[in-house]
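As a plain string of letters, each chain reads:
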Amino acid sequence: MPKVMQYSKGSIIYFAGDRDERVFILQKGCVVISTTDIETNLPVTEQIKTGEFFGVKSALGHFPREETATVLMDSVCLSLTVQEFENIFSSNKAVIMKMLRVFSNQLRQIHKKTEEILNKGQDINQQTGMMSVAQAFYNDESWRSCADVCINYLKRYPTATNKEAVAKMYTTANARAQKAGLTASMEAGADASSNDQALKLFELPAFSRFAKKYEPGQVIITEFEPGDSFYLIQSGNVQLVKCVNGQNKNLDILKPGEFFGEMAILDNSPRSATCLAEGPVQCLEFNKANFEILITGNPQIALNILKLFCKRIYDQKRRFKILVIQDLQARIADVFCMLDEMNPNSNPNDRQRRFNVTIQEVAHWAGLSLEQTRDEVNRFVSSRKLMVYDTNMVVSNIMDMKRIVDTRTMARQQ
């Protein structure tokens, strides 16, 4: 049962960094949540209004608190476990939709700040952005993906001044994709589902009319285009890529049971990434018109999407934290710290860490050129803090990396 909690003035409900999987609702009094801005390192505070939730993201996402909750005057809060929150509010469409829109906006703002750093402040419009995505796929010899983006571009911008050049790119890419078609169709099948609970919700025959199939390399949604649908993966893997300075960078690999494209549904914004089939893929496609109807009739879907937003916000903030580090050695070190957080060692006394990453992938996470990354990595190798192999890297002592991040970022702040 939810518990009524009474807090006196000046008390702390939870501290930043705590692992506390409770959701709170302020019933009476005044509570302020405070955190530090990742980019400016300045304090940021927000006052919770009566009736509002707080502590939701970290509780649903199962990660440490990002903020400290302080009581400014005697207050009364309702404390709920994650399960109690789900049981009580999963069928409350108004509450869930409000949270989805708030979290969607937060994720969009983080994406925007990240793009500003990676694109060095360049303002890229939707049309120019789609063209850069197509060109990047062409440069990578990802012919099927390039052809798909060219088609999307010509559909969106039929009177574009460069339509002949895009059509020529499409013809070349499509011909080469067809030539390689036999190889693509022989690729290995999809991985088994890692989210059976989400998939079971969609096994009813009524959902079969939403099914879409995609071939290896086929683009499902294109970065920068307007969003009017979202997807649930039934089988296969979907690759998320982002175009940065004319190059497509891998963001993530989504597996069966996961959603994508839902952010554009909620805030009418352009797509923030390109999603393409890594192998044969089957998805369920839902549009804006049936989105609210869908989650009203299937509350577990709304909760799954809510949890997905919590995870993505946390992951994007962690990535952004790396990008704002000015010292390049500390930035590379923090990439390894992040990878360690994502895959914690079962033996805390073992300080050595092996990561299945390449220099190209480290460069992507750090937002640096391959040359800059190679220089910094070589410095770590020379000091015997790192060993580099073809497909993996071994950190001699992960605590060395953490000390580098802490000391150099603290020096900058002073």
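Here is what the cut-offs are and how they apply
- All residue numbers here refer to positions counted from 1 along the written sequence of the relevant chain.
- Reporting of local features is limited, given that this is a predicted model, to residues whose pLDDT is at least 70; pairs of side-chain atoms are given and counted only at 80 or more, and all residues count toward the totals for whole chains, interfaces and linings.
- Values shown for side chains rest on all heavy atoms present in the structure; no hydrogens or waters enter the calculation.
- Should DSSP find at least two bridges between two strands, the strands are taken to pair.
- Numbering of helices and strands starts at the N terminus; helices are DSSP runs of H or I of at least 4 residues and strands are runs of E of at least 2.
- Lines fitted to the C-alpha atoms define the axes, with helices restricted to the stretch that makes contact. Angles between their N-to-C directions range from 0 to 180 degrees.
- Here, residues are in contact when the closest pair of their heavy atoms is within 4.5 Å.

Draft legend 1. Main features of the sheet that holds strand E17 (residues 393-395). Taking strand neighbours across the sheet as the criterion, the three strands line up as E15-E17-E16 in an open arrangement whose pairing is antiparallel. Looking at strand neighbours, the two that pair on one side only are strand E15 (353-355) and strand E16 (386-388), the edges of this open sheet. Each strand axis lies, on average, 15° off the axis of its neighbour in the sheet, ignoring direction. In the sheet, E15 pairs with E17 via three bridges, with the strands oriented antiparallel. Along E17, the bridge assignment pairs Arg354 with Val394.

Draft legend 2. The pairing of strand E4 (residues 43-48), seen in detail. Here strand E3 (residues 22-36) runs beside E4; their pairing, made up of six bridges, is antiparallel. Its bridge partner lying in E4, Thr36 is registered against Pro43. Counted between consecutive antiparallel strands, the loop separating E3 from E4 contains six residues, among which Asn41 sits at a positive phi close to 65°.

Draft legend 3. Representation of the sheet that holds strand E12 (residues 259-260) in the model. Pairing in this open sheet of four strands is antiparallel, and the strands run E7-E14-E9-E12 from one edge to the other. Two strands close off the open sheet at either side, each with one partner strand: strand E7 (211-214) and E12. Where E7 lies against strand E14 (residues 281-287), four bridges are found, and the strand directions are antiparallel. Residue pairing in the sheet places Ala211 in a bridge with Leu284 of E14. Its contacts with the sheet place helix H10 (residues 288-297) against strand E9 (229-235) and E14, and it is angled at close to 95° to E14.

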